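Observations on the three-dimensional arrangement
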Amino acid sequence: MRDRLKEYFQMGARFAKWRAVITIADGIPSLGCIEANAQALARYAALCQEAGLVPIVEPEVLMDGAHTLSRCDEVTEEVLRSVFNQLYTQQVILEGMILKPNMVLPGLTCSQQESVDEVADATVNCLLRAVPAAVLGIAFLSGGQSGELASARLNAMNFRFKLRSPWALAFSFARAIQQPALEIWQGKEANVSEAQRLCCIELSAIG
């Protein structure tokens, strides 16, 4: 990986991303699973910084399943604590990385789906417990949620915690904002204005 990262830097890359996937189900994730993924993420991040790249560190607790919001909260905090312990061990400069986590959400098939504000509160409070303030930016996953719901949840986080959050909170790829506009555009010149209008509405909703 060291040689590949050096090559990518020479080609002009300045960011890299490593995604570690954590599934919630009966008896999982195990401690061994969490620690193995945390170690891999931290080693990758250290090698990125050595090569001059900004590592995007993505520990993703999946939405799949019937787990509750509180169970997701518990697992997400455990994962984040393990990741940052390993980042410290690998001497990763926290100011020189971006965290790309999941939101704290109930599983897609859970019978209880909490409100936008409840998800916002659970997510940011989890981050406040587990993520150091030295991290400059948190760029959320938005896939798996509808564009409207993901945007509303991020907007609630920024509105409700604007005086308490030590990090900038945003989307990573921002699929939640871009996908509806892409569906309208469809590569056709005649649809450009309407797609741009929708994008402006989505951006103002989370601004």
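Anyway, here's the lowdown on the structure attached to this text. Here the residue numbering is sequential within each chain, running from 1 through the sequence in written order. Local features in this predicted model are restricted to residues of pLDDT 70 or higher, and side-chain atom pairs are both shown and tallied only at a pLDDT of 80 or more, whereas totals for entire chains, interfaces and linings draw on every residue. Here the side-chain values reflect all heavy atoms present in the structure, with hydrogen atoms and water set aside.

Focus on the overall build of the chain
In DSSP terms, a helix is any run of H or I states spanning at least four residues, a strand is any run of E spanning at least two, and both are numbered starting from the N terminus. Helices and strands together make up the secondary structure of the chain, namely seven helices and five strands. Counting from the amino terminus, the chain carries its helices and strands in the arrangement α-β-α-β-α-β-α-β-α-β-α-α. Expected size for 207 residues packed as a compact globule is a radius of gyration near 17 Å; at 18 Å, the chain falls within 12% of this value. Once the C-alpha set of the chain is aligned to its principal axes, its extents read approximately 50 × 45 × 35 Å. For every residue, the accessible area obtained with a 1.4 Å probe (protein chains only) is divided by the maximum for its type, and the residue is called buried under 20%, exposed over 50%, and partly exposed between those limits. Going through the 207 residues of the chain one by one, you find that 45% of them count as buried. In this analysis, two residues are considered to be in contact whenever any of their non-hydrogen atoms come within 4.5 Å of each other. For the chain, the proportion of contacts with a sequence separation of at least 24, taken over those separated by at least 6, is 78%. We compute the radius of gyration over the C-alpha atoms and compare it with the globule rule, which gives 2.2 Å times the number of residues raised to the power 0.38.

Here's the deal with the packing of helix H1 (residues 2-10) against helix H2 (residues 31-51)
Note on geometry: axes are lines fitted to C-alpha atoms, helical ones only across the stretch in contact, with angles between N-to-C directions running from 0 to 180 degrees. Relative orientation of the contacting elements H1 and H2 amounts to 45°, with a least axis distance of 9 Å. By the criterion of interaxial angle, the relationship of H1 to H2 is oblique. Once H1 is placed against H2, the crossing between them reads as right-handed. Here Arg2, Leu5, Lys6 and Phe9 of H1 come into contact with H2, specifically with Arg43, Leu47, Cys48, Glu50 and Ala51. Of the residues assigned to the contact of H1 with H2, the class counts are five nonpolar, no polar and four charged. Angle categories: roughly parallel below 35 degrees, roughly antiparallel above 145, roughly perpendicular from 65 to 115, and oblique for all the rest. We call a crossing left-handed when the near helix sits turned anticlockwise from the far one by less than a right angle, and right-handed when that turn is clockwise. Basically, the charged four are Asp, Glu, Lys and Arg, the nonpolar ten are Ala, Val, Leu, Ile, Met, Phe, Trp, Tyr, Cys and Pro, and anything else, Gly included, counts as polar.

A word on the environment of Ala42
Residue placement: Ala42 occurs in helix H2. With relative accessibility at 0%, the residue Ala42 sits in the buried group. Separated by 110 residues in sequence, Ala42 and Ala152 have C-alpha atoms that sit 31 Å apart. Once residues lying within four places of it in the same chain are set aside, the contact partners of Ala42 are Gln86, Leu87, Gln90 and Val92.

Observations regarding the side chain of Glu60
Looking at where Glu60 falls in the secondary structure, it is placed in strand S2 (residues 54-61). When its relative accessible area of 13% is taken as the criterion, Glu60 is described as buried. Once residues lying within four places of it in the same chain are set aside, the contact partners of Glu60 are Arg19, Ala20, Val21, Ile22, Asn102 and Leu141.

Regarding the pattern of salt bridges
One side-chain nitrogen of Lys or Arg within 4 Å of one carboxyl oxygen of Asp or Glu is enough to make a salt bridge. Under the criterion given, the structure shown has 12 salt bridges. When the shortest N-O distance is used, the salt bridge between Glu58 and Lys17 registers 3.1 Å. Note that Glu58 is positioned in strand S2 and Lys17 in strand S1 (residues 15-22), a separation of 41 residues in sequence. Take Glu58: its relative accessible area is 1%, and that puts it in the buried class.

Considering the pairing of S2
Counting buried positions over the eight residues of S2 gives seven, a clear majority of the element. Here a strand pair is declared whenever DSSP counts at least two bridges between the two strands. Bridging between S1 and S2 involves eight bridges; their strand directions are parallel. By the bridge assignment for S2, Phe15 is matched with Val54. Orient the strands so they point away from the viewer; a crossover is then right-handed if the path from the first strand over the helix to the second runs clockwise. With H2 bridging S1 and its parallel neighbour S2, the resulting β-α-β unit is right-handed. With two bridges connecting them, S2 and strand S3 (residues 98-99) associate as parallel partners. By the bridge assignment, Val57 is partnered in S3 with Leu99. Taken together, S2, helix H3 (residues 69-89) and S3 form a β-α-β motif whose crossover is right-handed.

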